[in-house]
Amino acid sequence: MLNVKIEESWREALAPEFEKPYFGQLVSQLHAEKAAGARIFPPGPQIFRAFELCPLSDVKVVILGQDPYHGYGQAMGLSFSVPEGVPAPPSLKNIFKEIETDLGVHMSGSPNLEPWARQGVLLLNAVLTVRAGEPTSHAGIGWQSFTDAVIRCISDRCSGVVFLLWGNYARSKASLVDTSRHFVLQAAHPSPLARGAFFGCRHFSQANAILASLGRKPIDWQL
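Residues numbered from 1 in each chain as written. Predicted model: local features only at pLDDT ≥ 70, side-chain atom pairs only at ≥ 80, totals over all residues. Heavy atoms only, no water.

A word on the packing of aromatic side chains. A complete count under the given rule lists 19 aromatic pairs for this structure. Relative to Trp-143, the ring of Phe-23 has its centre 6.2 Å away and its plane inclined at 85 degrees; by these criteria the two rings are edge-to-face. Taken together, the residues Phe-23 in helix 3 (residues 21-35) and Trp-143 in helix 7 (residues 143-157) connect sequence positions 120 residues apart. Residue classification places Trp-143 among the buried residues on the basis of a relative accessible area of 1%. (Phe/Tyr/Trp six-rings, centres within 6.5 Å; stacked < 30°, edge-to-face > 60°. Helix = DSSP H or I, 4+ residues; strand = E, 2+ residues; numbered from the N terminus. Buried < 20%, exposed > 50% of the residue type's maximum accessible area, 1.4 Å probe, protein only.)

When the terminal C-alpha atoms of helix 5 (residues 90-103) are compared, their 20 Å separation across 14 residues agrees well with the 20 Å that a helix rising 1.5 Å per residue should span. Those residues of helix 5 that fall on the buried side of the exposure criterion are Ser-91, Leu-92, Asn-94, Ile-95, Phe-96, Glu-98, Ile-99 and Asp-102. For helix 5, the secondary structure elements touched by its buried residues are helix 6 (114-117), strand 5 (162-166) and helix 9 (203-213). One or two residues past the end of helix 5 sits Gly-104, with phi positive at roughly 65 degrees. (Expected span 1.5 Å × (residues − 1). Contact = heavy atoms within 4.5 Å.)

With that settled, the discussion passes to the pattern of salt bridges. Under the counting rule described, the total for this entry stands at 9 salt bridges. Measuring nitrogen to oxygen at the nearest pair gives 3.3 Å for the salt bridge that ties Glu-114 to Arg-49. Here Arg-49 lies in helix 4 (residues 49-53) and Glu-114 lies in helix 6, a separation of 65 residues in the sequence. Residue Glu-114 is classed as buried on the basis of its relative accessible area, which comes to 16%. A salt bridge links Asp-148 to Lys-173; the nearest nitrogen and oxygen atoms lie 2.8 Å apart. Taken as a pair, Asp-148 in helix 7 and Lys-173 in the loop between helix 8 (167-171) and strand 6 (183-187) lie far apart in primary sequence, 25 residues in all. Here the two residues Asp-148 and Lys-173 agree in accessibility, since each one is buried. Residues joined by salt bridges that share partners form a network here, namely Arg-49, Glu-52, Glu-114 and Arg-118. (Salt bridge = Lys/Arg side-chain N within 4 Å of Asp/Glu carboxyl O.)

Secondary-structure assignment places Asp-67 in the loop between strand 2 (61-65) and helix 5. By relative accessible area, Asp-67 is classed as buried at 18%. With 32 residues separating them in the primary sequence, Asp-67 and Ala-35 have C-alpha atoms 22 Å apart.

Shown next, in the form of structure tokens:
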């Protein structure tokens, strides 16, 4: 097996993926780009950060993004999240606006979503790396095969997980989820390019109502 540094429960569940040719080729591609001087985000130790903070047995909600932010200091291994002190990107600002309207709470503006991850929200990007300044530059190197396997793994091994799929790309992954065991909520993307279509989806209150109905602790979305 390749020496992939990932949280142990995920490492066991995804072991077959690490043995497949595409994953070895993916790792080789990343090493080759770094050797050629490319700057890749997020930093190596943070590529699997979402898994580290949210072990498989803890997953309650999945929020699926497309690929990491490509600006310096932004990507941290969690979809939509940026580190403390970095301005919240437009999509994240819109997510916070929807939470405030949906739940009647005030968001501090902190862009670091680690508190969500620690409560069981898997903040998963479909592509886990990107070259600096080149959005979607790693979309074709194999990450989607890996993260599709992650979604299938959650679908097969867990129950009562709420998948929040925003935008056409995320919605295309709905077919990977067994809806007899899980819940799929779909909406427009929170990007300003969607011209406000995300607003009013009320996914945060809906997700918590589903979790409560299953006897699971709701997510404290307020940051």
